[in-house]
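Working through the structure, step by step
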Amino acid sequence: MNDFEYRDGVLHAENVSVADLAQRYGTPCYIYSRAGLTRQFRAFDEALSGIDHRVCFAVKANSNLAVLQVLARLGAGFDIVSGGELQRVLRAGGDPAKVVFSGVGKTRAEMQLALEAGIDCFNVESSFELHQLNEVAQRMGVRAPIALRVNPDVDPKTHPYISTGLKKNKFGVAIAEAESLYLEAATMAGIRIKGVASHIGSQLLDIAPLLDALDRVLALVDRLAARGIGLVHIDCGGGLGVRYKDEVAPDPADWAAAVKDRLRGRALRVITEPGRAISGNAGVLVTRVLGLKGGQSKAFAVVDAAMNDLLRPTLYQAWMEIVPVTPRSDVPACNVDVVGPVCETGDWLGQDRLLALKPGDLLAVRTAGAYGFVMASNYNTRARPVELLVDGDHVHVARARESFDDLIRGENLLP
Ligand SMILES: *Cc1c(COP(=O)(O)O)cnc(C)c1O
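Cut-off values and rules
- Residues numbered from 1 in each chain as written.
- Predicted model: local features only at pLDDT ≥ 70, side-chain atom pairs only at ≥ 80, totals over all residues.
- Heavy atoms only, no water.
- Helix = DSSP H or I, 4+ residues; strand = E, 2+ residues; numbered from the N terminus.
- Buried < 20%, exposed > 50% of the residue type's maximum accessible area, 1.4 Å probe, protein only.
- Areas by Shrake-Rupley, 256 points an atom, 1.4 Å probe, with all protein chains shown as cover.
- Phe/Tyr/Trp six-rings, centres within 6.5 Å; stacked < 30°, edge-to-face > 60°.
- Lys NZ or Arg CZ within 6 Å of the ring centre and 35° of its normal.
- Pairing = 2+ DSSP bridges.
- Lys, Arg positive; Asp, Glu negative; His and termini not counted.
- Salt bridge = Lys/Arg side-chain N within 4 Å of Asp/Glu carboxyl O.
- Contact = heavy atoms within 4.5 Å.
- Near = heavy atom within 4 Å.
- Polar contact = N/O pair within 3.5 Å; in protein donor to acceptor, adjacent residues only side chain to side chain.
- Domains from an automatic or database assignment.
- Buried area = accessible area lost by both parts, 1.4 Å probe.
- Nonpolar A, V, L, I, M, F, W, Y, C, P; charged D, E, K, R; others polar.

1. Concerning the overall build of the protein chain
On a plain count of helices and strands, the protein chain comes out with 12 helices and 21 strands. Residues counted as buried form 56% of the 415 residues belonging to the protein chain. Accessible area for the protein chain stands at about 17,800 Å²; split by element, carbon and sulfur atoms hold 50% of it.

Below you can see the structure in the form of structure tokens.
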């Protein structure tokens with residue numbers, strides 16, 4: 001199910017023509033579907049119904065305030081990785097009591113901010129973080145709720161840059177060392193032990209590694225119980241993959257059924273932190289073809305979106321589907337690299353794509369609702385795109401296109 005379909009030969013976002021949106025708001029332009037966000041959030045929430053659970057959207061996948069607001073209204077919790085993301089969640093009406101704070105390098109200022117807000121849990125990733133958090137909490141006269149993020153050392157079989165649960169990765173505490181760190185945490189006046197967390201990687205197409213990790217974490221839960229440390233929750237992380245090309249994305253329902261099975265008879269709340277699986281297919285990036293040029297052995301479609309707008313293709317060698325907004329049959333299709341105006345050879349959105357194009361045509365990059373706008377930069381002094389949220393027939397400007405003044409804000413000429 002996708003909320004970006006063709007109607008009468010034009011790509012639509014729900015009931016709105018993408019061509020009209022591009023005309024009205026300009027390109028490049030991110031478009032999100034409220035229905036898509038809602039359906040994917042509910043897929044997780046409903047799959048876990050019947051057990052105590054919380055679906056915490058991974059804010060780093062798409063942190064637009066309106067997107068967070070849509071999810072907050074559905075009852076979502078949030079997984080954050082910075083103080084900035086916490087402030088976004090609060091601004092969007094998210095409940096701090098449903099926030100978990102992940103990340104390998106939290107500053108003391110971020111710890112204090114999160115304690116003041118009253119978040120649900122810090123996912124602590126190291127011994128040094130535990131000690132610093134203990135100090136900050138004690139100075140504030142509170143106890144910080146924590147889970148240790150353990151590294152279960154399972155191979156998620158995904159891209160090396162988005163694999164996080166192997167011994168060689170920087171994330172989490174080795175599961176073998178977790179027990180002694182929990183025992184130490186239990187003695188700390190500024191710490192309250194709440195749960196355990198793991199997150200092994202992203203864009204996982206097979207749930208087996210996730211269940212492997214869960215088994216290893218549950219064995220740890222039992223060892224801790226034997227030492228007198230009882231946990232309230234288990235945070236399974238995020239990472240379920242989506243379809244970019246021809247992948248078969250795992251169904252949240254299958255994952256949830258397996259989790260429920262393993263948790264039977266245990267009084268543990270389940271937390272999950274999906275990012276990509278909620279917002280990925282709920283967004284597209286629309287760009288206009290500036291012109292076509294033939295190189296010696298290659299043809300290029302130069303478009304007005306670039307790596308600064310959408311980094312995934314060049315950063316991860318990610319394949320993202322590129323489709324014409326208004327398919328045409330009056331010119332032959334040819335093989336082109338879809339490239340942007342940025343002065344880098346790595347500035348491409350797609351390579352070797354069979355497309356029938358004329359200058360001025362619109363293209364849509366699908367599955368751009370996660371790790372799209374959030375990774376955009378101003379490289380080459382390019383304004384970041386407008387973000388639109390479509391809801392049925394309605395269009396909401398979720399973020400205006402940046403102006404030149406936005407780009408130079410805070411810069412000062414010499415006196
Ligand atoms: C990135 C991240 C997520 C979300 O990952 P997805 O693949 O987008 O679901 C969840 N939890 C943690 C700790 C993360 O770092």
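2. Description of unusual backbone geometry
The omega torsion across Thr27 and Pro28 is -5°, close enough to zero to call that bond cis. If you trace the backbone, Pro28 turns up in the loop between helix H1 (18-25) and strand S4 (29-33). Backbone geometry places Gln317, a non-glycine residue, at a positive phi of 50°. Take Gln317: it is sitting in the loop between helix H11 (312-316) and strand S16 (322-324). By relative accessible area, Gln317 is classed as exposed at 55%. Within the chain, Thr381 stands out as a residue other than glycine whose phi angle is a positive 50°. Tracing the chain through its elements places Thr381 in the loop between strand S19 (362-365) and strand S20 (386-391). Assessed through its relative accessible area of 55%, Thr381 is described here as exposed.

3. A word on the packing of aromatic side chains
Throughout the structure, instances matching the rule amount to 4 aromatic pairs. The rings of Tyr30, Tyr32 and Phe373 are connected pair by pair, giving a single aromatic cluster. Here the basic side chain of Lys106 rests over the ring of Phe101, its NZ or CZ set 5.4 Å away from the ring centre.

4. Topic: the sheet that holds strand S2 (residues 10-13)
If you trace the 3 strands from one edge of the open sheet to the other, you get S1-S2-S3, paired in antiparallel fashion. Each edge of the open sheet carries a strand with a single partner, namely strand S1 (4-7) and strand S3 (16-17). Bridging between S2 and S3 involves 2 bridges; their strand directions are antiparallel. Counted as the bridge partner of His12 is Ser17 from S3.

5. With respect to the side chain of Glu273
When you line up the elements, Glu273 lands in the loop between strand S13 (269-272) and helix H10 (276-279). Buried charge without a partner: Glu273 forms no salt bridge, and the closest opposite charge is Arg149, 6.6 Å away. If near-sequence neighbours (up to four positions away) are discounted, Glu273 is found in contact with Cys56, Ala58, Asp79, Val100, Ser102, Asn123, Asp235, Gly237 and Gly238.

6. Remarks on the site of the ligand
Within the structure, the ligand sits among 14 residues, and Lys60, Ser202, Glu273, Arg276 and Tyr371 are positioned closest to it. Glu273 has a polar side-chain atom sitting 2.5 Å from a nitrogen atom of the ligand. One of the backbone N or O atoms of Gly275 is found 2.9 Å from an oxygen atom in the ligand. Against a free-state accessible area of 390 Å², the protein chains account for coverage of 93% of the ligand.

7. With respect to the domain arrangement of the protein chain
Per the domain assignment, the segments of the protein chain are domain 1 (4-32 + 280-408) and domain 2 (34-276). Taken over C-alpha atoms, the centre of domain 1 sits 32 Å from the centre of domain 2. In this complex, domain 1 contributes 25 residues to the contact, which on the side of domain 2 involves 21 residues. Summed over both sides, the interface of domain 1 with domain 2 buries roughly 2,000 Å², with 57% coming from carbon and sulfur. The largest per-residue losses of area from domain 1 upon contact with domain 2 belong to Tyr316, Trp319 and Tyr371, which jointly make up 30% of the total buried on that side. Residue Arg34 is joined to Asp391 by a salt bridge in which the shortest nitrogen-to-oxygen separation is 3.2 Å. Run the count over domain 1 and domain 2 and you get 10 residue pairs in polar contact (both at pLDDT 80 or more). Looking at the side of domain 1 that touches domain 2, the elements with two or more residues in it are H11, S20 and strand S21 (394-399). The biggest single contributor to the side of domain 1 that touches domain 2 is S20, with 4 residues. Across the side of domain 1 that touches domain 2, the residue classes tally to 12 nonpolar, 7 polar and 6 charged.

8. Remarks on the pattern of salt bridges
Close approach of charged atoms allows side chains of opposite charge to pair. Taken as a whole and assessed by the stated rule, the structure comprises 23 salt bridges. The partner of Arg262 in a salt bridge is Asp215, with the nearest N and O atoms 2.8 Å apart. Of the two residues, Arg262 is situated in helix H9 (residues 252-263) and Asp215 in helix H8 (residues 208-226); the sequence distance between them amounts to 47 residues. For Asp215, a relative accessible area of 34% puts it in the partly exposed group. With a shortest N-O distance of 2.8 Å, Asp361 and Arg328 are connected by a salt bridge. On the criterion of sequence distance, the pair formed by Asp361 in the loop between strand S18 (348-355) and S19 and Arg328 in the loop between S16 and strand S17 (334-339) is long-range, its members being 33 residues apart. Connected via shared salt-bridge partners are Arg328, Asp330, Lys358 and Asp361.

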